[in-house]
Amino acid sequence: MIRTALAMSGLGGLVVAFFAVFGGMALVTGTGVIVESGLRSQVNSTRLTGADVVVSARQLVPRKEDLPVALPERATLPSSIVDRLSRLPGVESAVGDLSFPAAVVPGQPSTSGAVTPGTSGSTGPADPAAAGHGWSSLAFSGGKAVEGAPPRRDGELAMAGARVGQEVRVVAGGRPGRYRVTAVIDAPGLYFADSTAAELSGRSGRVDLVALRAGRGITAQTVAAEAERLLGDRYVISTGGARGDAERPGTAAARGMLIALPASIGGISLITVGFVIGGGLSLSVNRQRRDLALLRAAGATPRQVRRLVAVQGCVAALAALPPGAALGYYLAARLGELLEGTGALPPDLPLTYGPLPAVAAAVLLFGVVRLAAWTASLKASRMPPVSAVAESKAEPRVPSRVRTGGGLLLMLVALGLSATPLLVRGEIAGLGPATAALLAIVGLALAGPMLVQAAMGALARRLPSGLSAPLWLAVTNTHGYALRTAGAVAALGMMVTLGLSVVLTQTTISQAKADEVNAGLADVASVSAPRLGGVPHGLLDDVRALPGVMAAAPASTTTVLTRSLAVGDDPGLHARTAMILGPEAGGVVDLGVVEGSMGELKGDTVALDADLGEVGERLDLLMGDGTPVRARVVATYSRALGFGALVLSRDLAAGHTTTGLDAEILVRPAAADLSSLAKTWPGAEVSRRAAASIADADATQGLVNIAVLAVLIGYVLVSVANRLVATTTGRVEELLALRRLGATPGQVRRMLRWESLVIALAACAAGLVLAGVPLVMLSVGFLGRPWPAGPLWLVPASVLVVALVVWAAVNLPVRRRHLAL
Amino acid sequence: MSDVVTLERVTRSYGSVTALDDVSLGFPRGRFVAVMGPSGSGKSTLLQCAAALDTPTSGTVRIGGVTVSGLNETRRTEVRRKHVGFVFQSYNLLPSITVEENLTLPLRLAGVRPDRAWLSELVERVGLGGRLRRRPAELSGGQQQRAALVRALAARPDVVFADEPTGALDLRSAAEVLGLLRELVDELGQTVIMVTHDPAAAARAHETLVMADGRVVDLLSAPAPEELAVRLTRLNGVLT
């Protein structure tokens, strides 16, 4: 059976199916690796390696019928727990661990080692936003004092790369001060006396984590079980690899992004893979139509014919799965590097490479292949044997009406949807064009044959009579074999549409966002201190006191969870980035206040996108550390695209962020002379343009979309080229017939060149229209002009790529010997 | 009477197999000649070389006064377009265009404007009037072959080659097509060279060439089908 199946298939059809499955496998496996990493990857435990068990507050908020949301800000525990845990049987020691911003003020002699300890063998320098700890945590980090005595009082410090007795200037918890080094240690970070650490952290009687060490001969699991019995499920008790999660909630929260990434483009990928595999197999079946018909005439049952086609598909799939999986893992690794390069994926959150994605992808693709083979062979297998033989040569078939009607309807709906940016503004308006592009693509695939037939028919009738024979033949062939041509036209048009609409929608929206940010932050400079872990106390007052500074306001961002605020939002809890501003920000940042006043941004208050609510409303929020709050809306504003839907008051956010420090100080006017700050505040950095980096997450998403899209487009291009090559080689008889009727080899080649031009032009025209209409609407809605922002050279580039691929796939396979009589 | 197609010492070998062995022949104008012979006798090769579809290994082929054996592919095609018409066993009509477009396709390829009066005369003669706007697939086999006949004659060629023109047809359609071929020769002065293995078909020709082992072994003038059948059976017996 298998041998017959393979002998019949001919290589051409199988090669097409092979490439379709190969590429599909790579895409699905790659996506799977990202998803699995999002679900199961573990943060490398970087610091508390000496702790057997780590107890932390819950950093996950469960959602109905959805994955829980990870809270990026540190949720704390009452320090009273430490004592209770230390009394548990089997616990040798317990410590309440704290991490807070701490950094040695740069520019001092012989303390550079504090930032980059070379000897510890640990994973690089400590993050200044969380480098400060209490002395008793040191033992749990695997470090020890090399020299000197532990810090016991305020003003004492242990660190690496300094001398005992040396005085260093340190900013800890935002407070600048002078500390005397009492001990030299072999671990990164700054260690203070426990009481000093508790005060500097500003946690007031709470701790970040409790680290436990098990007694001799007692396993971590035993201790974990004891702790669980004591605490119940209010807290998270981690052992082994899970400790890293507890240690770094921000990093763990990045995992959510890994799941969200493929979700956005995974749908398109799967649709594409399905189309490509289905198309490949149906091509293979069509090539064997006659043979299958003969089989039927020779007594094969329809079932046997279907099984034969299924065997062919499965053999191609089996051959393609292993190399496809390998490519998938490779692509995932590249994507991981890309994400790390843009800072979206923390380096201590490595991707997980398990066998699961490959297995799942194999099962999924096998199912797709079986289904596609079944669908493709259904018609051929059901024909009565006689008509099977008779019909086997009649290639021009009429596309079904339902199919055409459905396709046209989808395209109309798509064009309607694309008008949303004219009516709505804001993040959600971008969804319209994106969905429109998807619908339009499916519509094009369905209505393609009829459209190609109609368009080419109209063209053929209007052709002047003196036209050259090759061009005339090219047009009439494209018209007569509409089904054959339309597959290529639809697939290529789809790529043009997808490529242009995804990229240009993103760049247009980013441009609109950037425009709003620039307008809102016109004439504003920014002062920040990333090397100190955040803006230290006192810097704001110094900035305000500088001559020429008219106004200065601190700003930072955090993540809060809200219920759905607008139509189209997640119905459940929704994590969103929010700016934190104080009442004085109104004089610096212009959010385009519609109602209320930024000056009221005191206490438990927020400002809100004017489209989402009104002044005086109450809004229930979960802060970034999981604390539920109810806030009053005191202002609404219009520049939500650039500044986000929500702005929190500093009072509301206080105590709910990990660092407790502001990220930057916004200063007006930008021309104010801030150069003296560098002297008085080493570590402070001045930037002429305010960053207000609220759109970073979107930018990453966009980049990843484009990267995945590039892979996807490559996949489809290869598969379309494959199909065109198979079609052309299947036409050798037809070309020979033309030769016998008096066509010179040159005329046949010219005909093929015209055909490829016609196909390429039709594909580009369809793609440009379907991408262009939504993009024009989007640009009018967002930028107030009809053309999108971004790399417009993509338009000629995509036309060129399509033309080249079609030309090569149609013309190159025809060799001299194919045209010899 | 001058010969339309002449072969001088034509040999065609495929590797070690000699399909046509030093054949010299002339086909006179206005005659209907059948070429017969067992499978492998070289009759198809003779047709292909005589029609300039194939290039002989040695020897000279002249069609309508033009020596074609030394020409390249493109030049040969141009000579064929001008001087030669074809009728194939499998009709060779393009399924994607209408019957009418099929009829004028060779003219279109040659860049020649079709002679409308001549075409409609031919169409009437073969009885295809009213079917010109159909697709080939909507026609019966006999009708398709008749369309192919019109196509072969549209350029007023010097000679029409027919390769098993009735091979795919039922008896009645075959008889019709053969009748038409004979009519063309008798009434319009056409020259037709037809390869066939059907003695009944060959019997409609003026002359029948019999081939074996790459050589012309016999030339029969208006033979009866029975006589031909006997000749062929004997040749087959010799071969086997």
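An unreviewed UniProt entry annotates chain B as Putative ABC transport system ATP-binding protein originating from Nonomuraea dietziae.

Per an unreviewed UniProt entry, chain A goes by the name Putative ABC transport system permease protein and belongs to Nonomuraea dietziae. Quoted verbatim from the Subcellular location (unreviewed entry) field of UniProt, the annotation for chain A is "Cell membrane".

### Things to note about the packing of helix H8 (residues 302-341) of chain A against helix H9 (residues 356-382) of chain A
Residues and elements named next belong to chain A. Relative to each other, H8 and H9 sit at 150°, their axes nearing to 8 Å. One way to sum up the angle between H8 and H9 is to call them roughly antiparallel. Seen from above, H8 lies across H9 with right-handed handedness. Facing H8, whose interface residues are Pro302, Val305, Arg306, Val309, Ala310, Gly313, Cys314, Ala317, Leu318, Leu321, Ala325 and Tyr329, H9 presents Pro357, Ala358, Ala362, Leu365, Phe366, Val369, Arg370, Ala373, Trp374, Ser377, Leu378 and Ser381.

### A look at the interface of chain B and chain A
Counting residues at the interface gives 20 residues for chain B and 20 residues for chain A. Carbon and sulfur atoms make up 65% of the surface buried where chain B meets chain A, a total of about 2000 Å² over both sides. The largest contributions to the chain B side of the interface with chain A come from B:Ser96, B:Arg108 and B:Leu109, which together make up 28% of the buried area. B:Glu73 is paired through a salt bridge with A:Arg739; the nearest N and O atoms lie 2.2 Å apart. Across the chain B-chain A interface, the total number found is six residue pairs in polar contact (both at pLDDT 80 or more). The element contributing the most residues to the side of chain B that touches chain A is helix H2 (residues 73-83) of chain B, with five residues.

### A look at the environment of A:Phe275
Residues and elements named next belong to chain A. Following the sequence through the fold, Phe275 ends up in helix H6 (residues 249-287). Phe275 gets classed as partly exposed once you look at its relative accessible area, which sits at 37%. Sequence-wise, Phe275 and Val236 are 39 residues apart; in three dimensions their C-alpha atoms are separated by 45 Å.

### A word on helix H4 (residues 220-231) of chain A
Residue and element names in this part refer to chain A. Compared with an ideal rise of 1.5 Å per residue, which puts 12 residues at 16 Å, H4 spans 16 Å between its outermost C-alpha atoms and is within 8% of the ideal. If you check which residues of H4 are buried, you get Ala220, Val223, Ala224, Glu226, Ala227 and Leu231. End-on, the buried residues of H4 take up no more than an arc of 160°, which puts them together on one face. Of the exposed residues in H4, those oriented more than 90 degrees away from the buried face are Gln221 and Arg229. Summarising the contacts, the buried residues of H4 are in contact with strand S1 (53-57), helix H2 (80-86), strand S5 (91-97), strand S14 (209-214) and strand S15 (235-239). Remark: Gly232 follows H4 within two positions and exhibits a positive phi of approximately 70°.

### Overview of the sheet that holds strand S8 (residues 192-195) of chain B
Within a sheet, each strand pairs with its neighbour through backbone hydrogen bonds, oriented either parallel or antiparallel. Residues and elements named next belong to chain B. Ordered by their spatial adjacency, six strands build an open sheet running S6-S7-S8-S3-S9-S10, and the pairing between neighbours is mixed. Sheet topology places strand S6 (84-87) and strand S10 (215-221) at the edges, where each strand pairs with a single neighbour. Here the average twist between neighbouring strands, direction ignored, is 20°. Judged from the four bridges that link them, S6 and strand S7 (residues 159-163) form a sheet pairing that is parallel.

### A few points about the packing of aromatic side chains
Tallied over the full model, the rule gives seven aromatic pairs over all chains. Note on A:Tyr179 and A:Phe192: the rings are 5.2 Å apart at their centroids and 70° apart in plane angle, and the pair reads as edge-to-face. Here the residue A:Tyr179 occupies a position in strand S11 (residues 175-185), and A:Phe192 occupies one in strand S12 (residues 190-192), the gap between them amounting to 13 residues. In this structure, A:Tyr179 and A:Phe192 share a single accessibility class: buried. Each member of the aromatic cluster is reached from another via a ring pair, and the members are A:Phe18, A:Phe19 and A:Phe22. A cation over a ring is seen here: A:Arg213 above A:Phe140, with NZ or CZ 4.9 Å from the ring centre. Here the guanidinium or amino end of A:Arg740 rests over the ring plane of B:Phe88, the centre of that ring lying 5.6 Å away.

### Some words on the pairing of strand S20 (residues 605-609) of chain A
Residue and element names in this part refer to chain A. Counted residue by residue, S20 has five buried out of five residues, so it is predominantly covered. By the bridge criterion, five bridges tie S20 to strand S22 (residues 628-637) in an arrangement that is parallel. The partner of Ala607 across the bridge, within S22, is Ala635. With three bridges joining them, S20 and strand S23 (residues 646-649) adopt antiparallel strand pairing. Of the residues in S23, the one forming a bridge with Ala607 is Val647.

### Remarks on the pairing of strand S24 (residues 664-668) of chain A
Residue and element names in this part refer to chain A. With four of its five residues buried, S24 lies for the most part within the structure. Relative to S24, strand S16 (residues 525-528) runs antiparallel, the two being bridged by four bridges. Residue pairing in the sheet places Ser528 in a bridge with Glu664 of S24. Pairing geometry for strand S17 (residues 551-562) and S24, over five bridges, is antiparallel. Bridge pairing links Ala553 to Leu666 in S24.

Basis of the calculations
- Residues numbered from 1 in each chain as written.
- Chains lettered and ligands numbered in written order.
- Predicted model: local features only at pLDDT ≥ 70, side-chain atom pairs only at ≥ 80, totals over all residues.
- Heavy atoms only, no water.
- UniProt positions renumbered as here; feature names shortened; annotations may be inferred.
- Axes fitted to C-alpha atoms, helices over the stretch in contact; angles between N-to-C directions.
- Helix = DSSP H or I, 4+ residues; strand = E, 2+ residues; numbered from the N terminus.
- Parallel < 35°, antiparallel > 145°, perpendicular 65-115°, else oblique.
- Left-handed = near helix turned anticlockwise from the far one by under 90°.
- Contact = heavy atoms within 4.5 Å.
- Buried area = accessible area lost by both parts, 1.4 Å probe.
- Salt bridge = Lys/Arg side-chain N within 4 Å of Asp/Glu carboxyl O.
- Polar contact = N/O pair within 3.5 Å; in protein donor to acceptor, adjacent residues only side chain to side chain.
- Buried < 20%, exposed > 50% of the residue type's maximum accessible area, 1.4 Å probe, protein only.
- Expected span 1.5 Å × (residues − 1).
- Arc of directions from axis to C-beta.
- Pairing = 2+ DSSP bridges.
- Phe/Tyr/Trp six-rings, centres within 6.5 Å; stacked < 30°, edge-to-face > 60°.
- Lys NZ or Arg CZ within 6 Å of the ring centre and 35° of its normal.

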